[in-house]
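Structural characterization, general
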Amino acid sequence: MSEERQRKIKEVFFEACNRDEAERSRFVREACGDDQALRREIELLLAHHSEATIIPARRRSVVDRIFNDSKPSRSHSSLGTVSRAFYRWALRLGLSGQLALGAAVAIVVLVGMTFWLRGHIADVIERSSVAELDTLLNAADTSVTNWIDSRRHQAQAWVAEPDVQAQLKPLLAEDRVVAPATNPATADPSPLNTDADERIVQTLRKRAGSDAEFVLWDRQARSLFTTAPVTATKPIPPKIFAESFPRVLAGESLLLMPHQCEQLAGKDWFSLGKPLIGVLVPIRKTDEGEVTGILFVGLPSLVDTLNTMLAKFRPQATGEAYAFDRNGRMLSESRFRDQLIGLGLLKAEDATVLNFSLRDPCGDLTRGHKSVDPYFAHYRPQAIMRAVNGLDGVVSESYRDYRGVTVLGASRWRAADDFGLCVEIERSEALSALHYTGIMVVIAMVLLVGTFGAIVWSSWSNARLRHRLAAQPLIGSYLLDIQIGEGGMGRVYRAQHALLKRPTAVKIIRPDLVNDQTLAWFEREVKLAARLSHPNTIEIYDYGRTENGQFYCAMEYLRGLTLSQVLLVDGYLPLPRALHILYQACASLAEAHDLGLIHRDVKLHNLMLCLIGGEADFVKVLDFGLAKQSDPESASDTTRSSRSLVGTPLYMAPERLKAPYSTDARGDVYSIGVVAFKLLTGRDLFTGDSDLELFNQTLHQPAPLTSSVARQAIPPELDRIVAQCLAKDPDERPRTARAIAEALESLVMLHPWKQTAAAAWWRINRDRIRDLSPHWDDKVLTALAPIPVKSVPGLP
């Protein structure tokens with residue numbers, strides 16, 4: 001629109017505002033003369049505005065020109081109050097101030113991105129570290145398993161040797177005298193003072209080791225032979241007596257960790273004061289293989305072997321690998337034993353295992369933290385808790401170890417052996433690579449900021465020239481905002497009228513499709529739709545061609561969802577809501593049929609459920625692009641495409657498949673029936689892998705009754721109406737949509753869909769609606785009154 005024309009519109013408008021209503025129409029006619037477009041523009045202004053509400057449109061800011069030339073400009077009036085105030089303040093800054101502000105914002109964003117990237121890299125490194133810990137844990141677990149198996153098999157091998165069997169056999173003889181006892185486990189063993197006893201000790205130690213100690217029990221768990229008198233009067237713990245002994249009597253060898261050996265004979269085992277790892281070995285008769293006794297072999301040296309083996313799996317400089325029991329006590333040597341002694345948690349003369357409990361001190365003891373509560377009252381470290389409770393693997397988050405140092409860890413509980421393994425590393429060491437990565441990221445961001453500054457300087461230099469040459473980006477009288485859709489012929493943008501500030505949808509034909517045929521189609525759609533005035537039909541505002549040759553159409557901007565999108569939320573609609581929608585759609589099409597227009601593409605995608613004027617579930621019929629005149633006299637005016645097969649196969653009436661050019665309003669009636677079937681049942685009327693298969697079913701297969709498919713009760717009258725609409729013979733259908741609307745009217749009154757239920761649906765499903773409609777604006781819901789959702793009946 002030229003400046004001269006805008007000036008003319010404002011002059012006539014302001015002059016008309018100062019006149020009485022009786023003189024206003026006459027004045028506008030005289031002032032506009034034969035210019036019908038000018039007259040319509042002024043009448044629209046007078047219908048919706050007064051002199052006080054008209055504000056001259058601002059020109060687009062320089063910042064928009066620099067950064068958004070490839071997009072339609074965004075009007076600041078569509079922003080919130082705060083955004084508008086900021087926009088006005090930015091305009092007063094001028095070109096240099098705007099660029100400086102943009103550079104400052106960009107630097108802040110880049111700095112924020114630096115910290116975000118650093119955090120992201122830390123997460124990646126941490127995940128890599130815990131994956132490495134999990135690998136180490138698996139390797140340690142496999143190594144411990146192989147070690148235990150080798151020790152058990154080794155003990156089985158030398159116990160089965162003939163000379164050992166020969167020396168143990170007299171001890172297991174049935175006629176051997178055993179002192180009676182109320183508890184078999186407390187029976188007095190034979191004294192170790194015979195030459196035979198001395199010989200068997202020498203024989204066993206020659207194979208097991210010089211520091212080995214032994215206990216021999218018969219099948220009734222009576223002590224027959226021991227190198228430690230303390231075991232003669234100590235009952236066998238119920239847990240070992242109930243769980244371990246039956247397994248050994250069944251022929252299985254078991255390895256006992258230090259805590260289990262302690263349970264068996266006490267801390268001062270054999271008065272050695274050292275922890276032991278032992279093996280319970282079954283003794284069999286050579287002939288039948290029957291287990292006649294149980295031999296315990298205990299070795300302090302096995303503890304050192306376990307410590308040496310686990311030390312191989314300590315990652316890097318601060319890594320730790322250790323074994324622990326169910327009560328959270330260490331069963332192997334700690335890498336930080338000297339540090340624990342320095343912190344006062346261990347006495348120098350104590351061994352770490354069996355004397356140190358793994359607890360979280362709630363602070364880093366190595367940094368001077370002093371625990372207020374007694375040390376034993378704190379929780380166990382997270383890895384220990386997870387393992388004891390059967391949650392094996394890596395710990396998802398860092399935690400404090402028994403020194404209070406933040407670590408990453410992985411743990412596993414070995415239920416068969418009643419102990420667990422844990423591998424840990426200090427988090428600071430695991431993330432040590434982050435320091436150098438952070439330096440590289442900072443350098444990269446500095447370079448990026450410098451590059452951005454050079455771009456801003458260049459843009460500022462060029463913008464001074466572009467500011468003088470660029471024109472205001474208008475399509476006709478409409479200022480474009482963002483693209484909201486795209487079809488086969490062009491794109492649809494959200495826009496607003498430059499003077500009225502009214503939200504509008506503008507369809508623009510793609511330049512590469514501009515030819516006589518497409519222009520005829522486009523102009524025909526606009527003219528046909530402009531003849532319709534029913535509230536449930538989308539309203540056409542304007543149509544024209546810009547000075548640079550772009551063809552456009554301005555129409556009503558709708559906020560809502562198509563029925564196809566609504567069904568994605570609910571699957572099917574409850575009866576009252578479906579009736580409410582069908583009645584509105586039929587009312588819109590009834591006007592078109594009365595005027596001799598046939599839509600020819602009635603489907604779910606062309607029926608939109610909107611929020612208009614605070615009313616929910618308001619139906620709008622869209623896209624009259626395939627509409628045609630049913631009047632035979634106007635057949636010569638139809639485009640070539642109206643005589644071809646156009647539309648959506650699933651919704652097309654059988655007669656249209658036979659003779660597309662001879663259809664009438666009953667074709668739209670059939671499509672209404674298909675829509676009703678889909679809304680009430682959630683299923684397509686016919687399904688097929690190809691259009692040919694759909695055509696065949698449409699022509700020859702009877703439509704099922706809605707009540708036979710629907711998951712809700714369908715009134716017989718509605719069932720009959722839908723069946724009539726879906727009749728193969730056009731003569732058996734209602735002649736127009738008005739007949740359907742009249743038939744539905746009583747059903748709508750009998751099954752009302754109230755605004756309370758409609759508004760509640762939009763509020764409940766606002767998140768799903770936002771996903772289906774990227775341009776959805778929740779502010780439209782503010783026009784709906786607050787509704788207690790639980791009290792609303794009829795929702796699916």
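See the structure above.
Anyway, here's the lowdown on the structure attached to this text.

So, helix 23 (residues 737-750)
The end-to-end C-alpha separation of helix 23 is 20 Å, in line with the 20 Å expected for 14 residues at 1.5 Å each. When the local axis directions of helix 23 are compared, the greatest deviation, roughly 35°, occurs at Leu744. Every buried residue of helix 23 is accounted for by Ala737, Ile740, Ala741, Leu744, Leu747 and Val748. Buried residues along helix 23 sit in contact with helix 17 (575-594), helix 19 (665-681) and helix 22 (716-725).

What to know about the nonpolar core
Counting residues in hydrophobic clusters, the biggest one holds 83 residues, and the most contacted among them are Val675, Leu679, Leu718, Ile740, Leu744 and Trp762. If one sorts the elements of this core by residue count, helix 17 sits on top with 10 residues. Contacts of Ile740, omitting those with residues within four sequence positions, involve Cys586, Val669, Ile672, Ile721, Cys725 and Pro734. Grouped together as the second largest cluster of nonpolar side chains are 49 residues, Ile148, Leu168, Phe214 and Leu295 included.

Notes on the packing of aromatic side chains
In the structure shown here, the tally under the stated rule is 7 aromatic pairs. On the basis of an interplanar angle of 40° and a centroid distance of 6.1 Å, the ring pair of Phe324 and Trp413 is categorised as tilted. Of this pair, Phe324 sits in strand 6 (residues 320-324) while Trp413 is found in strand 9 (residues 406-414), placing the two residues 89 residues apart along the sequence. In this structure Phe324 comes out as buried when scored by relative accessible area, which is 0%. Under the relative-accessibility criterion, Trp413 is labelled buried at 11%. Chaining the aromatic ring pairs together yields one cluster made of Tyr322, Phe324, Phe356, Tyr402 and Trp413. A cation sits over an aromatic face here: Arg502 above Tyr541, 3.9 Å from the ring centre. Above the plane of the ring of Trp761 lies Arg577, whose end atom (NZ or CZ) is 4.0 Å from the centre.

Looking at the pairing of strand 5 (residues 291-299)
With 9 of its 9 residues buried, strand 5 lies for the most part within the structure. Where strand 1 (residues 213-218) meets strand 5, 6 bridges bridge the pair, whose relative direction is antiparallel. Note that in strand 5 the partner of Leu216 across the bridge is Leu295. Sheet topology places strand 4 (residues 277-284) next to strand 5; 8 bridges connect them, and they run antiparallel.

Some remarks on the pattern of salt bridges
Going through the model one piece at a time under the given rule, you end up with 30 salt bridges. Residue Glu426 is joined to Arg403 by a salt bridge in which the shortest nitrogen-to-oxygen separation is 3.2 Å. In this pair, Glu426 sits in strand 10 (residues 419-426) while Arg403 sits in the loop between strand 8 (399-400) and strand 9, placing the two residues 23 residues apart along the sequence. With respect to class, Glu426 is no different from Arg403; both count as buried. In this structure, Lys620 engages Glu556 in a salt bridge whose closest nitrogen and oxygen atoms are separated by 3.0 Å. Taken together, the positions of Lys620 in strand 20 (residues 615-621) and Glu556 in strand 16 (residues 551-556) put the pair 64 residues apart, joining distant regions of the chain. You'll find Lys620 and Glu556 in the same group, each marked buried.

Calculation rules
- Residues numbered from 1 in each chain as written.
- Predicted model: local features only at pLDDT ≥ 70, side-chain atom pairs only at ≥ 80, totals over all residues.
- Heavy atoms only, no water.
- Helix = DSSP H or I, 4+ residues; strand = E, 2+ residues; numbered from the N terminus.
- Expected span 1.5 Å × (residues − 1).
- Bend = angle between axes of the 7 residues up to and from the residue.
- Buried < 20%, exposed > 50% of the residue type's maximum accessible area, 1.4 Å probe, protein only.
- Contact = heavy atoms within 4.5 Å.
- Core = buried A, V, L, I, M, F, W, Y, C linked by side-chain atoms within 4.5 Å.
- Phe/Tyr/Trp six-rings, centres within 6.5 Å; stacked < 30°, edge-to-face > 60°.
- Lys NZ or Arg CZ within 6 Å of the ring centre and 35° of its normal.
- Pairing = 2+ DSSP bridges.
- Salt bridge = Lys/Arg side-chain N within 4 Å of Asp/Glu carboxyl O.

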